[in-house]
Amino acid sequence: MSEKNLAGKKALITGGARGIGAAIAESLGRTGTFVVTVDPLVSVDGSERLPEPEQTTAGRIVAAGGRARASGASVTDGAGVRQLFTELADEFGGLDAVVNVAGITRPTSFGKGSDDDWRDILSVHLDGYLNVLTAALPLMAAAGHGHILGVTSGSGWRSADAGAYGCAKRAVAALTWQLGRHAPPGVVVNAISPIAATRMVTAALGRMPARAPGADGAATGGLSLDAMPAPEHLGPLGAHLVGESFAACRGRVIFTGGSEVAVVDEPRLVEVIRGGGPGVLEAATTVALLPAEAKQSTGGGSNARFGGLFD
């Protein structure tokens, strides 16, 4: 992965205060990119403000010789997001890359969570991404170039009882598949579906019923944080995917779990059965769909082990 193509560029990372967002921001900072981290600094469930840490992501980038600043804006504030993007574009002459990692988590599997929990999850993960797209796409269309990288999850494209989170992440994947093919000329839109030992994953695992105790005695539902890569391991890939010269794929969802990378295909027709009567459903499943599925070359890699919980 060449880092030279990002020198002198400007990038904005939502959810950039910690986790995967911070890892991508710091990877971009090492390339000479001017990085703006956008994060209101809230708890993992979004219910309370947190004190500013002694050293911020922007501070670490500057301390390492890079250029960065921090913003406390929230992706849920559409007008605020548009104003921030416009001001930055006016100041720097445009935005080259936007990575939307902002997210919260609450227990909203079906039958759990209040109406407010559902609305708040959707507000951050779906409406927040729409606010980012609404602010970024016109600027990049006018400039004739730019990269947007969203974040989806396995719970959005495979079976998982993840409630509002899974619904929102499915919408992010759908937007990626659609916009990637219809984005303005020069604008590249993709998304990653990552696995990493983030605070969101830790919170999700802590809510799962115990099947086997973890090494520290905490209930993890049989899943091990030790088997997941640290967030910083995903930073270089995220930075590469918003590199100026990267156009190897558009409108794609890219699964990444440390050393594993794969493309998640969009829904498509597998087989078509013509006919009628009560036997057509049985024929479609046993004669066509099951054999077609058996011929697939992969069962989904390590994400199958982790149940699609991850941001």
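For the structure, check the block above.
Residues numbered from 1 in each chain as written. Predicted model: local features only at pLDDT ≥ 70, side-chain atom pairs only at ≥ 80, totals over all residues. Heavy atoms only, no water.

Caption draft 1: Local environment of the overall build of the protein chain. Secondary structure assignment for the protein chain yields ten helices and eight strands. Burial statistics for the protein chain: of 311 residues in total, 46% are counted as buried. Summarising the internal contacts of the protein chain: among those between residues at least 6 apart in sequence, 71% fall at separations of at least 24. Of the roughly 14700 Å² that the protein chain leaves accessible, carbon and sulfur atoms contribute 54%. (Helix = DSSP H or I, 4+ residues; strand = E, 2+ residues; numbered from the N terminus. Buried < 20%, exposed > 50% of the residue type's maximum accessible area, 1.4 Å probe, protein only. Contact = heavy atoms within 4.5 Å. Areas by Shrake-Rupley, 256 points an atom, 1.4 Å probe, with all protein chains shown as cover.)

Caption draft 2: Local environment of the pattern of salt bridges. This model, assessed by the stated rule, comprises ten salt bridges. In this structure, R119 and D116 form a salt bridge, with 2.7 Å as the shortest nitrogen-oxygen distance. Of the two residues, R119 and D116 both sit in helix α4 (residues 115–143), three residues apart, roughly one turn of that helix. On the basis of relative accessible area, R119 is assigned to the exposed category, the value being 52%. In this structure D116 comes out as partly exposed when scored by relative accessible area, which is 45%. Between E266 and R181 there is a salt bridge whose closest N-O contact spans 2.7 Å. Taken together, the residues E266 in the loop between β8 (260–264) and α9 (279–294) and R181 in helix α6 (residues 163–182) connect sequence positions 85 residues apart. (Salt bridge = Lys/Arg side-chain N within 4 Å of Asp/Glu carboxyl O.)

Caption draft 3: Region of the structure containing empty space enclosed by the protein. For the structure shown, the criterion picks out two cavities of 30 Å³ or more. Roughly 40 Å³ of internal volume is contained in the largest cavity. If you go around the largest cavity, the residues you meet are T14, V38, A73, V75, V81, L84, F85 and V132. For the lining of the largest cavity, the element with the highest residue contribution is helix α3 (residues 78–92), accounting for three residues. Here the residues of the lining of the largest cavity sort into seven nonpolar, one polar and no charged. Empty space within the second largest cavity amounts to approximately 30 Å³. Along its surface, the second largest cavity is lined by N100, V101, A102, H125, Y129, V151, K169 and V172. Breaking the lining of the second largest cavity down by element, the ones donating at least two residues are α4 and α6. Taken together, the residues of the lining of the second largest cavity sort by class into five nonpolar, two polar and one charged. (1 Å grid on protein atoms, 1.4 Å probe; cavity = no way out; pocket = protein on both sides within 12 Å on 5 of 7 lines; lining within 4 Å. Points joined across faces, edges and corners; volume = space filled by probe spheres on them. Nonpolar A, V, L, I, M, F, W, Y, C, P; charged D, E, K, R; others polar.)

Caption draft 4: Representation of helix α1 (residues 19–29). Across the eleven residues of α1, nine count as buried, placing the element largely inside the fold. Inspection of α1 places I20, G21, A22, A23, I24, A25, S27, L28 and G29 among the buried residues, and these make up the whole buried set. The elements touched by buried residues of α1 are β1 (10–14), β2 (34–38), α2 (57–63), β4 (97–100), β6 (187–194) and α8 (235–241).

Caption draft 5: Structural context of the nonpolar core. Of all hydrophobic cores here, the largest spans 32 residues; its most connected members are L12, F85, V98, Y129 and I148. The set of elements that each furnish at least two residues to this core consists of β2, α3, α4, α6 and β6. The dominant element in this core, judged by the number of residues it contributes, is α4, at nine residues. Within the second largest apolar cluster, 25 residues are counted, among which are I20, I61, L237 and I254. (Core = buried A, V, L, I, M, F, W, Y, C linked by side-chain atoms within 4.5 Å.)

Caption draft 6: The side chain of T176, seen in detail. Structurally, T176 can be placed in helix α6. The buried category is assigned to T176, whose relative accessible area is 0%. In contact with T176, not counting residues within four places along its chain, are V189, N190, A191, G251, R252 and V253.

Caption draft 7: Structural context of the pairing of β8. Taken together, the five bridges between strand β7 (residues 253–257) and β8 define a ladder with antiparallel strand orientation. Paired with F255 across the bridge in β8 is A262. Between β7 and β8, which pair antiparallel and follow one another directly, the connecting turn spans two residues, one of which, G258, has a positive phi of 75°. (Pairing = 2+ DSSP bridges.)

Caption draft 8: Structural detail: the environment of A239. Assignment of secondary structure puts A239 in helix α8. Residue classification places A239 among the buried residues on the basis of a relative accessible area of 5%. For the pair A239 and E26, spaced 213 residues apart in the sequence, the C-alpha separation amounts to 8.9 Å.

Caption draft 9: Looking closely at the sheet that holds β4. With mixed pairing, the eight strands of this open sheet are ordered in space as β3-β2-β1-β4-β5-β6-β7-β8. Each end of this open sheet is capped by a strand with a single partner; those strands are β3 (67–71) and β8. If you compare each strand with its neighbour and ignore which way they point, the axes differ by 20° on average. Pairing geometry for β1 and β4, over four bridges, is parallel. Along β4, the bridge assignment pairs I13 with V99. The sheet contacts of α6 involve β5 (146–151), β6, β7 and β8, and relative to β6 the element is tilted by about 150°. (Axes fitted to C-alpha atoms, helices over the stretch in contact; angles between N-to-C directions.)

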